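These are the residues of each chain, in order.
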Amino acid sequence: MNELPSFDANLEQEFGLINPVMPYLRQDRIPHIWCPGCGIGTTVNCFARALTDSGMDLDKVAIVSGIGCTGRVAGYMNLDSFHTTHGRAIPFATGLKLANPGMKVVVYSGDGDLTAIGGNHFVHAARRNMDLMVVCVNNFTYGMTGGQVAPTTPVGPSQTTMPYGNFENPFNLPFLADACGAVYVARWTVYHVKQLAKALLEGLHKKGFVFIEAMSPCPTLYSRRNRLGDGVDQLKYYKEKSVIRNGADTKEVGIAYQGEIVVGKFVDRDRPTWLDSMNEHYGKVFGDRFTPYGVTDGQE
Amino acid sequence: MSEATPVKKGKGTVFVRMEICKGCSFCIDFCPTHCIEFSREFNAKGYHFPVLPRPEDCTGCDLCGLYCPDFAIYGVKFKDIEKRRQAAAPEPLVPAQP
Ligand SMILES: Cc1ncc(C[n+]2csc(CCOP(=O)(O)OP(=O)(O)O)c2C)c(N)n1
Ligand code: SF4
Ligand code: SF4
Ligand code: SF4
Ligand SMILES: [Mg+2]
C-alpha cells in the first residue's frame, strides 16, 4: 500500500536544497500552462542542465522564442528572453546576435513556428551560418492552436486540418538543416534526457548555426487524437523505436508514422560564420580601413 | 514547500512538490530502480503524485527530476546532503521514523 511520504518541509530549507532547474525558471510563473504529459518541460530540464554544465555567464545568454506552446519557454526561463511574433524568432535572434556579438543567442521554438511560417528564416540562417543555437521541439503538430497539420506531421495520423489522415510528405528536419549548411545537427527525444542535455551543452559551445531537434509528445492534440495514449506512451514509443546512429546520413533519418526514429549527432563540422565571412571579405576589400566587428565572442 | 521521505534507508531520496504534479508518470516509468509509485491520494487538481514506497532503492540520481516536465520532483544523494550538513549543523540529518 502507498503511504504519504513523511512530511519534512524544513529539510530542503535547512540544507538549501532545491530542484536544480528552479534557479533557471521564473518561479512566480510556475505551475506552467503545459498539459499533463507534455514533453516541453522535460526539454527545459535538459536545457537547464546544459547551462549549468556549460559554466556560462548567464548574463550573456539570451533565449528567443516564437509563438506556440514551445514558444512559452522564453517566458518561463529566468534569462534575458524574447517572445517574438510567430515564425520570427530567428530573424529577431539574428539581430540580437549581430548587435551583441558577445552574447550566446538560443532560439527555442516549435516545429510549426520554426519550419512552417518561419521556414524561410530557418533555411537562410543555416545557409549564412548565423551563430545561433536553434532548439526545435518537434511534436509533429501545431499544439497551441488546436492540432493542425504541421510540416513535420508524418503521413498517416489525423489532425484537425487532415481529419482523414495526413497525406503530405513531411520535412526531415536534420536533412533540411544539414543541406542548408548547419554546422551541428542532432536529434534526440525527451526519452533521451541525458543525451539531449549533452547535445544542448555541445551546442552552447559550438560556433555557428546549431540545430537540435527534440522529439516531444503532444498528448492532447496528437497522441490522443490518434489513439496513441498519453505522453508517457509516446516516451515508451521513443524508447522502443529509436536507434542511436551518430554520424548517420541525414538523408536517411526521415520519420514514418510510429516508425523508427534515428537519433544521434549527425553533423559536427566547422565553417566560417556570417560575421567571420563579413570580416574576412571586407578586410580584403578595404584593407586597413576596415575594423573587424564582433570578433571576440564573449562565451568562447 | 516539499514533501520528503527523510528516512535514510537508500543512497538518496526525492522531494515532491505534490501540489504542482500533473500525474504524467514520467518519473515513475523511467526511474531506473522503480522505487517510486503513484499515491492513492489526489492533489488539489485531482492528480495522483509520486511517493517513495521503497526508499531503500532510491539512489538520489535525480533522473526523475530530469524527466519531470512539471518541475515537481527531484532527487538528492544523501552524501550531498551530508556534505551540506557537515558544513552547516551538527544535528543528525534525518529523524527516526515515527
Ligand atoms: C502570424 C500568425 N499566424 C498564425 C498564428 C497562430 N499560431 C499560433 S501558434 C501556431 C503554431 C504553433 O505550432 P508549433 O510551433 O509547432 O508549436 P507547439 O504549440 O506545437 O509547441 C500558430 C499557427 C499566429 N499566432 N500568428
Ligand atoms: S497542446 Fe500539446 S504541445 Fe501544447 S502544452 Fe498541451 S501537450 Fe504540450
Ligand atoms: S532519484 Fe533516481 S532512484 Fe530516486 S526516485 Fe528519482 S530516479 Fe528513482
Ligand atoms: S514526472 Fe512530475 S508531473 Fe509527472 S508524475 Fe512525476 S512528479 Fe508528477
Ligand atoms: Mg509543434
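The structure this text deals with has already been given above.
Conventions and cut-offs
Residues numbered from 1 in each chain as written. Chains lettered and ligands numbered in written order. Predicted model: local features only at pLDDT ≥ 70, side-chain atom pairs only at ≥ 80, totals over all residues. Heavy atoms only, no water. Buried < 20%, exposed > 50% of the residue type's maximum accessible area, 1.4 Å probe, protein only. Helix = DSSP H or I, 4+ residues; strand = E, 2+ residues; numbered from the N terminus. Contact = heavy atoms within 4.5 Å. Donors = N, O, S within 2.8 Å, 3.2 Å for Na, K, Ca; no water. Near = heavy atom within 4 Å. Nonpolar A, V, L, I, M, F, W, Y, C, P; charged D, E, K, R; others polar. Axes fitted to C-alpha atoms, helices over the stretch in contact; angles between N-to-C directions. Parallel < 35°, antiparallel > 145°, perpendicular 65-115°, else oblique. Pairing = 2+ DSSP bridges.

Caption draft 1: Representation of helix α7 (residues 173-180) of chain A within the structure. All names here are of chain A. α7 sits mainly inside the fold: 6 of its 8 residues count as buried. Close packing links the buried residues of α7 with α5 (111-117), α6 (119-128), β4 (133-138), β7 (184-189), β8 (210-215) and β10 (261-268). Gly-181 sits one or two positions beyond α7 and adopts a positive phi of about 115°.

Caption draft 2: Broad picture of the environment of Phe-209 of chain A. Residues and elements named next belong to chain A. Relative to the elements of secondary structure, Phe-209 occurs in the loop between α8 (193-205) and β8. Residue classification places Phe-209 among the buried positions, given a relative accessible area of 0%. In this structure, the C-alpha to C-alpha distance between Phe-209 and Val-106, residues 103 residues apart in sequence, is 10 Å. Here Phe-209 is in contact with Phe-122, Ala-125, Ala-126, Asn-129, Met-130, Asp-131, Leu-132, Val-134, Ala-182, Val-183 and Tyr-184, once residues within four sequence places are set aside.

Caption draft 3: Representation of the coordination of the magnesium ion (ligand 5) within the structure. Residue and element names in this part refer to chain A. Donor atoms from the polypeptide that bind the magnesium ion (ligand 5) are Asp-111 (OD), Asn-139 (OD1) and Thr-141 (O), placed at 2.0 to 2.1 Å. The sequence pattern describing where the donors of the magnesium ion (ligand 5) fall on their chain is D-x27-N-x1-T. Taken as a pair, Asp-111 in helix α5 and Thr-141 in strand β5 (residues 141-142) lie far apart in primary sequence, 30 residues in all.

Caption draft 4: Quick peek at the site of ligand 4. Surrounding ligand 4, one finds 13 residues, the nearest of these being Cys-21, Cys-24, Ser-25, Cys-27 and Cys-68 of chain B. Taken together, the residues of the shell around ligand 4 break down into 9 nonpolar, 2 polar and 2 charged.

Caption draft 5: Spatial organisation of the packing of α6 of chain A against α7 of chain A. Residues and elements named next belong to chain A. Where α6 meets α7, the closest approach of the two axes is 7 Å, and the angle between their N-to-C directions is 45°. Considering the angle they form, α6 stands oblique to α7. Listed contacts from α7 to Phe-122, Val-123, Ala-126 and Arg-127 of α6 are Leu-176, Ala-177 and Cys-180. Residue composition of the contact of α6 with α7, by class: 6 nonpolar, no polar and 1 charged.

Caption draft 6: Quick peek at the pairing of β10 of chain A. All names here are of chain A. The buried fraction of β10 amounts to 6 of the 8 residues, a majority that puts the element mostly inside the structure. In the sheet, β7 pairs with β10 via 4 bridges, with the strands oriented antiparallel. In the strand pairing of β10, Val-185 is matched with Val-267. Of the strand pairs in this sheet, strand β9 (residues 242-244) and β10 are connected by 3 bridges, and their pairing is parallel. Paired with Ile-244 across the strands is Val-263, a residue of β10.

Caption draft 7: Quick peek at the sheet that holds strand β2 (residues 80-83) of chain A. All names here are of chain A. If you walk across this open sheet you meet the 8 strands as β2-β1-β3-β4-β8-β7-β10-β9, and the pairing is mixed. Each edge of the open sheet is held by one strand with a lone partner, namely β2 and β9. Neighbour-to-neighbour, the strand axes of this sheet turn through a mean angle of 20°, independent of strand direction. Where β4 meets β8, 6 bridges bridge the pair, whose relative direction is parallel. Its bridge partner being in β8, Val-135 is matched across the sheet by Ile-212. Its contacts with the sheet put α8 on β3 (104-110), β4, β7, β8, β9 and β10, and the angle it makes with β7 is roughly 160°. Across the face of the sheet, helix α10 (residues 231-241) comes into contact with β7, β8, β9 and β10 while running at roughly 45° to β9.

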